[in-house]
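In case you want the letters, here they are:
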Amino acid sequence: MKWIALLIAAVISIVSIYYTNYLVNKLKEREIKSIEVFASSMEYTIENNVADQLPSVIREIIINNDQIPLIYVNSKDEIENWRNIKIDEKWSEEKKQEVLKKELESMKEAYEPKHVFDRDEQTGEILDFWFIYYKNSFLLTQLTYYPIIQLIIIGVFGLIVYLIFSYSKTAEQNRVWVGLAKETAHQLGTPISSLMAWVEYFKEDPGVKNKGVVEELDKDIKKLQLITERFSNIGSVPVLKEEKLEEIINNVVEYLKPRISTKVSIDVITISSDVRANLNAPLFEWVLENLCKNAVDAMGGIGSIRIKLLHGSDHRVFIDITDTGKGIAKSKIKHVFNPGFTTKQRGWGLGLTLAKRIIETYHKGKIFVKSSEENEGTTFRIVLSS
Ligand SMILES: Nc1ncnc2c1ncn2[C@@H]1O[C@H](COP(=O)(O)OP(=O)(O)OP(=O)(O)O)[C@@H](O)[C@H]1O
Ligand SMILES: [Mg+2]
């Protein structure tokens, strides 16, 4: 859709430029013709010495040129007369000459001058001559610039429309995200508090006490609380705190290890244990969890995940998550963050969308596919500021 609109805009611009160009050329031809007519009528006047009794047609031609600026110069290279040049009668003689000289220079660059000869009536010998210098009329000059001005206006207009549209689209998406997250957190709140009360109750019940059930229930409730916290964080402006990254990453790894195949190893590599970044822990953990789950899926249950922590320049921290999975096809890399993009039968295609939103909107960081080779593995990079 975007491309079609762009194509139409391009076609309109090209047609418009082409057409104006055609008009400009036509008009130019006409102006040159009319200068020629002007020159020959002057010649006629001079040759026949009939300035006062000019045929009315010629007089019309000479007087009616009220568009094309011209200057005639005599054989001694002196300016003898001019037309359609803005000269104020109140100006001093020097000023007039200065303006005329300047005009003459620009005319010399524009067109070759037309010649007017005064010939002897009998012999045809040239007695005297003049040059008529001229340039495009103001109208024609304006018309030459018209397509450029038109294009700039169309461009600016298009840009404004595009910005308004994309802004209102993002604003709408934001409202959906925030609204849905808030609602989910809110809805989960009630059953969780009730479950917590039940656990307290069971702790005292001799029937279930000491059978390990309550502990398991407790863990599940903690997880539910974490989920609620994530949703409520995404539904509000999350607070960023300086955190030790290694600790956070280890938390996630400890949480994930018992839940994934034993044939998948997860290693954390850091250059120093004191790498810090400003982040919201529940949300950042969510991102790592999503990336690791994707990695596990891509490896079909066997392989290794490496999480590497690096210092970048200007207070930046890199977190690289590398897997030995099936990789992402080159053509698909640019789509993986799009909502709904999935290659899995039971996928929602939301994991990376959420990750991108958390990193870029809430942490003002970056997340992207750093490299990916089919059948070899993929590295995702997160950039945060410390
Ligand atoms: N580490 C990876 N290796 C290979 N492909 C990947 C990897 N991570 C993501 N992908 C590709 O990107 C797609 C989108 O990932 P995303 O996490 O957004 O959605 P999903 O995992 O398919 O579904 P879910 O919403 O359940 O997370 C995946 O379906 C997969 O094709
Ligand atoms: Mg996923």
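That block above? That's the structure.
What this report covers is the structure whose coordinates are included nearby. (Residues numbered from 1 in each chain as written. Chains lettered and ligands numbered in written order. Predicted model: local features only at pLDDT ≥ 70, side-chain atom pairs only at ≥ 80, totals over all residues. Heavy atoms only, no water.)

1. Quick notes on the sheet that holds strand S6 (residues 264-270)
Applicable threshold: Strand pairing is assigned whenever DSSP detects at least two bridges linking the two strands. A run of H or I in DSSP counts as a helix once it spans at least four residues, and a run of E counts as a strand once it spans at least two, with each numbered from the N terminus. A fitted line through C-alpha atoms serves as each axis, taken over the contacting stretch for helices, and the angle formed by two N-to-C directions is quoted from 0 to 180°. Working rule for contacts: check all heavy atoms of both residues, and any pair within 4.5 Å makes them a contact.
Taken in spatial order, the 5 strands make up an open sheet running S6-S8-S9-S11-S10, and their pairing is mixed. The sheet is open, and its two borders are formed by S6 and strand S10 (366-373), each paired with just one other strand. Going from strand to strand, the sheet's axes swing by 15° on average, the running direction of each strand aside. When S6 meets strand S8 (residues 303-311), the two strands line up parallel, connected through 7 bridges. When the bridges of S8 are listed, Ser 265 appears paired with Ser 304. Contacts from helix H7 (residues 281-299) reach S6, S8, strand S9 (316-323), S10 and strand S11 (377-385), with the element oriented near 145° to S8.

2. Some remarks on helix H9 (residues 351-362)
Quick reminder of the rule: Residue count minus one, scaled by 1.5 Å, sets the expected span of a helix. Exposed residues in this analysis have more than 50% of their type's maximum accessible area, buried residues have under 20%, and partly exposed residues fall in between, with area computed by a 1.4 Å probe over protein chains only.
Over its 12 residues, H9 extends 16 Å from the first C-alpha to the last, a length consistent with the 16 Å expected when each residue adds 1.5 Å. Listed in full, the buried residues belonging to H9 are Leu 352, Thr 353, Leu 354, Ala 355, Arg 357, Ile 358, Ile 359 and Tyr 362. Against the buried residues of H9 lie helix H4 (138-204), helix H5 (213-234), H7, S10 and S11. Directly after H9, the chain includes Lys 364, whose backbone phi takes a positive value near 50°.

3. Some points on the layout of surface pockets
For the record, the criterion: Think of a 1 Å grid over the protein atoms and nothing else: a 1.4 Å probe that fits but is trapped marks a cavity, an open set flanked by protein within 12 Å on at least five of seven lines marks a pocket, and residues with an atom within 4 Å of a point count as lining. Grid points are joined across faces, edges and corners, and a volume is the space filled by probe spheres set on the points. Amino acids outside the nonpolar list (Ala, Val, Leu, Ile, Met, Phe, Trp, Tyr, Cys, Pro) and the charged list (Asp, Glu, Lys, Arg) are all regarded as polar, and Gly is one of them.
Taken as a whole, the largest pocket spans an internal volume of roughly 1600 Å³. Along the wall of the largest pocket there are 41 residues; nearest its centre are Phe 165, Ser 166, Lys 169, Thr 170 and Gln 173. At the level of elements, helix H1 (2-48), H4, H5 and H9 are the ones that each hand at least two residues to the lining of the largest pocket. Looking at the lining of the largest pocket, the element that brings in the most residues is H4, giving 20 residues. Here the second largest pocket is characterised by a volume of approximately 870 Å³. Lining the second largest pocket we find 33 residues, and of these Asn 294, Asp 297, Thr 342, Lys 344 and Leu 352 sit closest to its centre. Looking at the lining of the second largest pocket element by element, the count peaks at 9 residues for H7. Split by residue class, the lining of the second largest pocket holds 13 nonpolar, 10 polar and 10 charged.

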